[in-house]
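Listed below, chain by chain, are the residues.
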Amino acid sequence: MIDESCVIGVILARGGSKGLPRKNIRDLAGKPLIAWTIEAGHASSLLDRLILSSDDEEIMAVAEEYGCEVPFQRPAELAQDETPSVDALLHALDQVESHDYIVMLQPTSPLRTSTDIDATITKCYEANAPACVTVTKTDKPPQWMYTLRDDHRMEPVLDQEEPVTRRQDAPDTYVLNGAVYVARTSWLLERKTFKTDKTLAHKMPKHSSVDIDDKLDLMLAEELINKNYRE
């Protein structure tokens, strides 16, 4: 709870994963991947409730083992590759009593901490903003990015009159890291998205922003955990 506003955290973890099969319960430094997010949620001082939305009974059992509430099973039609995360989130909100704020936590961000969760909630609340999401600084400026045409020729992503040749000459740019999404519940129910021109951003360091999509990401996260890496 933040002041008099109650806050619910929802972990979205479906069973299917093409890039890394059974990703959400893969071992990461001695614990299932999803356990890292559950533990961060439990350590938050602002979450009043933490629940799981999953279609997969094994994931549900693992989540319960680590103390996460599993009040329902997500319908299979809301756990497909093409299912937008917000659709699964809105379904979860229909299954439980209303809270003032909703926090979406993805298990693919295991290095996000309770501090990141609470800081994002606090920023959203104190600024009286409808939503706040976590971002991390990009490695390369978009001025250096290209798409490839069918004939293998490079097409710049951005039109620019003068090319940027030095990294320090480009403005800092940020990308969503998928770690924490916060919104006023009433606003999210109306807009059905976290991302509008009114959404705030909370910056997270690169080492906390690892997003597990494949085996290489898993190896990187394990290395950072094992070395207790801090900037």
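Only a predicted model underlies this, so the values are computations on that prediction, with no experimental measurement involved.

Analysis parameters
- Residues numbered from 1 in each chain as written.
- Predicted model: local features only at pLDDT ≥ 70, side-chain atom pairs only at ≥ 80, totals over all residues.
- Heavy atoms only, no water.
- Core = buried A, V, L, I, M, F, W, Y, C linked by side-chain atoms within 4.5 Å.
- Buried < 20%, exposed > 50% of the residue type's maximum accessible area, 1.4 Å probe, protein only.
- Helix = DSSP H or I, 4+ residues; strand = E, 2+ residues; numbered from the N terminus.
- Contact = heavy atoms within 4.5 Å.
- Pairing = 2+ DSSP bridges.
- Phe/Tyr/Trp six-rings, centres within 6.5 Å; stacked < 30°, edge-to-face > 60°.

Caption draft 1: Region of the structure containing the nonpolar core. By size, the foremost hydrophobic cluster in this structure holds 29 residues, and its most contacted members are Leu52, Val103 and Ile121. Elements supplying a minimum of two residues to this core: β1 (7–12), α1 (33–43), β4 (49–53), α2 (57–65), β5 (101–105), α4 (114–126) and β9 (174–184). Broken down by element, the residue count for this core peaks at 4 residues, all from α2. Sequence-distant contacts of valine 103, that is, excluding residues within four places in its chain, are made with Val7, Ile8, Gly9, Val10, Leu47, Ile117, Ile121, Val180, Tyr181 and Val182.

Caption draft 2: A look at the pairing of strand β6 (residues 131–137). Counting buried residues in β6 gives 6 out of 7 residues, a clear majority hidden from the surface. The pairing of β6 with strand β10 (residues 200–203) spans 4 bridges and is classified as parallel. Bridge assignment links cysteine 132 to a residue of β10, and that residue is leucine 200.

Caption draft 3: Broad picture of the packing of aromatic side chains. Scanning the model with the defined rule gives 2 aromatic pairs in all. When the ring of tyrosine 101 is compared with that of tyrosine 125, the centres are 6.2 Å apart and the planes differ by 65 degrees; the resulting orientation is edge-to-face. Note that tyrosine 101 is positioned in strand β5 and tyrosine 125 in helix α4, a separation of 24 residues in sequence. Between tyrosine 181 and phenylalanine 194, the aromatic rings sit 5.3 Å apart at their centres with planes inclined by 55 degrees, giving tilted as the arrangement. Placement of tyrosine 181 in strand β9 and of phenylalanine 194 in the loop between α5 (185–191) and β10 is noted, with a sequence separation of 13 residues between them. For phenylalanine 194, a relative accessible area of 4% corresponds to the buried category.

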